[in-house]
Amino acid sequence: ITFRQTNTEIGIRSNNINNLGIIYKKQRKENSFVRYRLAMTSLNITISENNLIANGQLGFSIGWEKRVSVSDKFQFKHGFEPFLRGGLNENNFGNSNLDLDAGLGYVLGFIYHFNEKFYLGIETIPSISVGSTMVNGTSPGIVRINSGFNSNVAAISAVYKFQSKN
C-alpha cells in the first residue's frame, strides 16, 4: 500500500471500556498531522437507598503527529500532545470535588494500514501534568504534579481516512 495523501482522518480510540474517545486528524504536510482528541475517561453513577453519587471526567487534547514508514503497510508515529482534563464528583449530601489538570504528553505508537481507507493504530502517551482539586468550592484545594509512563496503558484506534476539500 502506498500511503496516499489523505487530508482528514477520523476514528474511535480506547484503552479500556471506561475510556472511549474520538480522534480527528488533519494533514498539514506529508506524514505530518494535527490531531484532536476528545475523551470521556469515566462516567459513574451509583444509586443506593439514600445516596446518589455521580462522577465523570472529560479530557481534550491537541497534538502534532509525525509518521515514519517502516514497511509498505506499517508506520511509526510520534509527537507532542498538550492536554486538559476535568472531572466532577458529587453526591446528594452536598459534597463536590472539581478536578482540573493540564499537561504535556508525547505520543509513541504504530499504525497498520489495512487498505487506503482504514487503519488500526496502537499508542501510549507518557506525560507530565499539574492539577488542582477544589473541594466544595475551595480555591485552590489540593495541588498535585503527576508524571507517568505506563506501557500497560496502550490505546487502540480504528481510523477511517478520507479526502476533504480545503
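Residues numbered from 1 in each chain as written. Predicted model: local features only at pLDDT ≥ 70, side-chain atom pairs only at ≥ 80, totals over all residues. Heavy atoms only, no water.

Mapping Asp 101 onto the fold places it in strand β6 (residues 96–113). Take Asp 101: its relative accessible area is 8%, and that puts it in the buried class. In terms of polar contacts, Asp 101 uses its side chain to reach the side chain of Arg 144, at 3.1 Å. Dropping the residues within four chain positions of it, Asp 101 is found in contact with Phe 83, Leu 84, Arg 85, Ser 129, Val 130, Gly 131, Arg 144 and Asn 146. (Helix = DSSP H or I, 4+ residues; strand = E, 2+ residues; numbered from the N terminus. Buried < 20%, exposed > 50% of the residue type's maximum accessible area, 1.4 Å probe, protein only. Polar contact = N/O pair within 3.5 Å; in protein donor to acceptor, adjacent residues only side chain to side chain. Contact = heavy atoms within 4.5 Å.)

Here the focus is the pattern of salt bridges. The tally for this structure, following the rule as stated, stands at 11 salt bridges. As a salt-bridge pair, Arg 35 and Glu 123 come within 2.8 Å of each other at their nearest N and O atoms. Remark: Glu 123 occurs in strand β7 (residues 118–124) and Arg 35 occurs in strand β3 (residues 32–48); sequence separation between them is 88 residues. We classify Arg 35 as buried; its relative accessible area is 0%. With a closest N to O distance of 2.7 Å, Arg 67 and Glu 65 form a salt bridge. Considered together, Arg 67 and Glu 65 belong to a single accessibility category, that of buried residues. (Salt bridge = Lys/Arg side-chain N within 4 Å of Asp/Glu carboxyl O.)

It is worth spelling out the confidence of the model for the chain at this point. Close reading of the predicted structure is inappropriate where its pLDDT is low. Looking at the chain, the pLDDT average stands at 85 and 84% of residues meet or exceed 70. Averaged pLDDT values for the elements of the chain fall to 78 in strand β9 (residues 142–148) and rise to 96 in β7. (pLDDT = per-residue confidence, 0-100.)

This part covers the packing of aromatic side chains. To describe a pair of aromatic rings, you give the distance between the ring centres and the angle between the ring planes. All chains considered together, the criterion is met by 7 aromatic pairs. Ring geometry for Tyr 24 and Tyr 36: centres 6.1 Å apart, planes at 40°, overall tilted. Placement of the pair is Tyr 24 in strand β2 (residues 19–29) and Tyr 36 in strand β3, with a sequence separation of 12 residues. Classification of Tyr 24 as partly exposed rests on a relative accessible area of 31%. Their ring planes at 80° and their centres at 5.0 Å tell us that Tyr 112 and Phe 114 sit as a pair that is edge-to-face. One aromatic cluster in this structure is built from Phe 74, Phe 76 and Phe 110. Between the NZ or CZ atom of Arg 67 and the centre of the ring of Phe 33, over which it lies, the distance is 3.9 Å. (Phe/Tyr/Trp six-rings, centres within 6.5 Å; stacked < 30°, edge-to-face > 60°. Lys NZ or Arg CZ within 6 Å of the ring centre and 35° of its normal.)

Before going further, it helps to spend a moment on unusual backbone geometry. Positive phi outside glycine occurs at Asn 31, with the angle close to 60°. Judged by its relative accessible area of 25%, Asn 31 falls in the partly exposed class.

The next subject is the environment of Gly 148. Tracing the chain through its elements places Gly 148 in strand β9. On the basis of relative accessibility, which here comes to 37%, the residue Gly 148 falls in the partly exposed class. With 23 residues separating them in the primary sequence, Gly 148 and Ile 125 have C-alpha atoms 8.7 Å apart. Once residues lying within four places of it in the same chain are set aside, the contact partners of Gly 148 are Pro 126 and Ser 127.

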